Amino acid sequence: MKTTLRGLGVSHGVAIGQVRHMGTALLEPPAKQIPVAEAQREQGRARQAVKAVAADLNARGHLAGGEAQHVLEAQALMAQDPELMADVERRIAVGSTAERAVYDALSAYRALLSGAGEYLAGRVADLDDVRNRIVARLLGVPMPGVPDSDEPYVLIARDLAPADTALLDPGLVLGFVTEEGGPTSHSAILARALGVPAVVALTGACELGEGTVIAVDGSTGEVFVEPGADERAELARVAAERKAALGAATGPGATSDGHKVPLLANIGGPADVPAAVAAGAEGVGLFRTEFLFLDDSTAAPSEARQVEVYREVLEAFPERRVVVRVLDAGADKPLDFLTPSDEPNPALGVRGLRALLDHPEVLRTQLRALSKAAEGLPVYLEVMAPMVADRADARAFARACREVGLEAKFGVMVEIPSAALRARSVLKEVEFLSLGTNDLAQYTFAADRQVGAVSRLHDPWQPALLDLVSVAAEAARAGGKGCGVCGEAASDPLLACVLAGLGVSSLSMGAASIPYVRAALAKYTLAQCERAASAARAADGAAEARAAAQGVLSGE
Ligand code: PEP
Ligand code: MG
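If you're wondering where the values come from, they're calculated on a predicted model, not measured in any experiment.

So, on to the domain arrangement of the protein chain. As assigned here, the protein chain comprises domain 1 (3–22 + 145–231), domain 2 (36–139) and domain 3 (245–554). Every contact between the two is made by 16 residues of domain 1 and, on the other side, 20 residues of domain 3. Summed over both sides, the interface between domain 1 and domain 3 buries roughly 1,600 Å², with carbon and sulfur atoms accounting for 59% of that surface. Linking domain 1 with domain 3 are 0 salt bridges, by the criterion used here. The interface formed by domain 1 and domain 3 includes 0 residue pairs in polar contact (both at pLDDT 80 or more). Broken down by secondary-structure element, the contributors of at least two residues to the side of domain 1 that touches domain 3 are α7 (162–165) and α8 (186–194). The dominant element in the side of domain 1 that touches domain 3, judged by the number of residues it contributes, is α8, at 3 residues. Its residues placed into classes, the side of domain 1 that touches domain 3 shows 5 nonpolar, 8 polar and 3 charged.

And the structure:
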């Protein structure tokens, strides 16, 4: 093997394939002057690029069909607007390069659109995409956004935003590698949802050449550049061996002495349901409903559309629990109609439940839609709020649920240390807790979950995080209520045993992790898990905590 790089493995499995880079979202070409003699040639380049982009958009529309076809064809028309082209040519005639002229002409048009009422303002994102595509073609750099490829590939990105990920074709993405991000970043979460291997926080990822063949080991965090035939065979053997080891455990989640720990799935919508069912999920522990809202940042989806989507999910889990989280917007998931755009620290601002309480009509519509969706279905619906800080937040949420007559269990996520520390008080208002360890780590360690440089602090083995889990689980147990974990901590098989030992009553994770966690739990008794949990909490750092738990469980 020529080069081995090492990052954080966040989604199991091995992927081998060619590198494709996620294109830069905004391409601003330098404003340099060209001699008049070159104007005609530049105008020709601009016309050709526009034509090629329009043809490409039409072709993609044809392939996609349905609603997507209308959107793509409308974009192709935008690209070919004669007035826009005339503006581009005018700008080139007075000394612009083709790429700068396209950039400036479409930016001017963009400013007009965004001030021209709600409908046209909603087309701004489409126009930006058209502009970026034409500019990328003229600069000869990868198209912005998800790579254009008909062949499967390994996606490389600085990091992935939820809005990017909605466009990924799971049939083409063999795995992910990101330069930024940590175990709780959305790239990691999405990789687990798709069941593809992923490595994050890999220094040098963005420098890997387009088309280079790499092998990604999502369990160890290793990335092999240009692996030889022997190395590929060895990796395939290791992957097959790991997979075979999973076959041993089946059925509901439980320790070897029969202490039940239901294993639930984290989903983002109906598309994730088949994998959850196939993995034997005992229900859904976290339905991240914001993915339904991220398609259009200017308005919430209608109540009828929401009912349709929620019902599709609820129908798939008869006699099972489905825990739906109400819209969690803000910070890395901004929505123009809901969350402020001018906050100095969006992760500490009006996000999650805070934004919903500022827009009660959005919350009411969602709760009503959930109530209608569950009508007549034999499902155990549970609804929870994100970003709850204290009892007052929990009370406000429970009141909103009662006001629409929602027949469900109401609960809250524990993502802010204050909610964990005061779990007893919070539980006076609601029936269950769900620990969002991703945000809980972010707020406990004052470490932005999107920043690779602080990913050490997102390691869910940090004893301080385990302490908070223990406090919340203990409070729930004392009150005879449930306390699950739905953050990414639940998907680490060894940590899952520790969480069970801390008194957590269910574990929810991306479907692909369920078999690994099931197999790990089935190997140990509850008492062993409790001893491992005590050993981990007694350690001084994440690595030591892991080693201590491992030592207890392997009988060292
Ligand atoms: C969490 O914060 O742990 C969580 C499950 O929510 P999300 O990752 O969607 O913020
Ligand atoms: Mg969260």
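Here the focus is the coordination of the magnesium ion (ligand 2). Distances from the magnesium ion (ligand 2) to its protein donors, namely E415 (OE) and D439 (OD), fall within the range 2.0 Å. Residue E415 is found in the loop between β13 (409–414) and α16 (417–421), and its partner D439 is found in helix α18 (residues 437–444); the two are separated by 24 residues along the sequence. Among the residues examined, E415 registers a relative accessible area of 2% and is labelled buried. Overall, the relative accessible area of 2% leaves D439 in the buried class.

Where burial is concerned, most of strand β10 (residues 283–288) is hidden: 6 out of the 6 residues are buried. One ladder, built from 3 bridges, connects strand β9 (residues 263–267) with β10; its direction is parallel. Following the sheet pairing, N266 is matched in β10 by L286. On the question of chirality, the crossover connecting β9 to the parallel β10 by way of helix α10 (residues 273–278) is right-handed. The sheet contact formed by β10 and strand β11 (residues 321–325) spans 4 bridges and is parallel. Opposite R288, over in β11, you have R325 as the bridge partner.

For any two helices packed against each other, the geometry comes down to the angle between their axes and how far apart the axes lie. Here helix α20 (residues 493–501) crosses helix α23 (residues 542–553) at 80 degrees, and the two axes come no closer than 10 Å. Classified by the angle between their axes, α20 and α23 sit roughly perpendicular to one another. Counting all contacts with α20, which are made through L494, C497 and V498, the residues of α23 involved are R546, A549, Q550 and L553. When the residues that make up the contact of α20 with α23 are grouped by side-chain class, the tally is 5 nonpolar, 1 polar and 1 charged.

Oppositely charged side chains are able to pair whenever their charged atoms sit close together. Considering all chains together, one arrives at 32 salt bridges under this definition. Between R90 and D87 there is a salt bridge; the shortest N-O distance is 3.6 Å. Of this pair, R90 and D87 both sit in helix α3 (residues 82–93), 3 residues apart, which is roughly one turn of that helix. For R90, a relative accessible area of 52% corresponds to the exposed category. Overall, D87 belongs to the buried group, its relative accessible area being 16%. Ionic pairing is found between E382 and R321, a salt bridge with its closest N-O pair at 3.4 Å. Of this pair, E382 sits in strand β12 (residues 380–385) while R321 is found in strand β11, placing the two residues 61 residues apart along the sequence. Its relative accessible area of 6% is what places E382 among the buried residues. By relative accessible area, which is 27% here, R321 ends up partly exposed.

Attention now moves to the environment of L106. Mapped onto the fold, L106 is located in helix α4 (residues 98–114). Along the backbone, L106 and D87 are 19 residues apart, and their C-alpha atoms lie at a distance of 9.0 Å. Excluding residues within four positions of it along the chain, L106 makes contact with L84, L127, V130 and R131.

Definitions and limits used
Per-chain numbering applies: the sequence of each chain, read as written, is numbered from 1 onward. Working convention: letters from A go to chains and numbers from 1 go to ligands, in the order in which they are written. Predicted model: local features are reported for residues with pLDDT of at least 70 only, side-chain atom pairs are reported and counted for 80 or more only, and whole-chain, interface and lining totals are derived from all residues. Neither water nor hydrogens contribute to the side-chain values; these are computed over all heavy atoms in the structure. Start and end positions for the domains come from either an automated domain assignment or a database one. By definition in these notes, contact holds between two residues if any of their heavy atoms fall within 4.5 Å. What counts as buried area is the accessible surface, traced by a 1.4 Å probe, that two parts surrender upon association, with contributions from both included. Note on definitions: salt bridges are taken to be side-chain nitrogens of Lys or Arg within 4 Å of carboxyl oxygens of Asp or Glu. Each polar contact in these results corresponds to two N or O atoms within 3.5 Å; when the atoms are within protein, one needs to be able to donate a hydrogen and the other to accept it, and residues that are neighboring in sequence are counted only if both atoms are side-chain atoms. Numbering of helices and strands starts at the N terminus; helices are DSSP runs of H or I of at least 4 residues and strands are runs of E of at least 2. Classification used: nonpolar for Ala, Val, Leu, Ile, Met, Phe, Trp, Tyr, Cys and Pro, charged for Asp, Glu, Lys and Arg, polar for all others including Gly. Note that water is not among the atoms used; donors are N, O and S atoms within 2.8 Å of the metal (3.2 Å for Na, K and Ca), so sites may look incomplete. Exposed residues in this analysis have more than 50% of their type's maximum accessible area, buried residues have under 20%, and partly exposed residues fall in between, with area computed by a 1.4 Å probe over protein chains only. When DSSP finds two or more bridges between a pair of strands, those strands are recorded as paired. Whether a crossover is right-handed depends on one test, that the path from the first strand over the helix to the second runs clockwise when the strands point away from the viewer. For helices, the axis comes from a line fit to the C-alpha atoms of the stretch in contact; other axes are also lines fit to C-alpha atoms, and the angle between any two N-to-C directions lies between 0 and 180 degrees. Comment on the angle field: the value is read as roughly parallel under 35 degrees, roughly antiparallel over 145, roughly perpendicular from 65 to 115, and oblique elsewhere.

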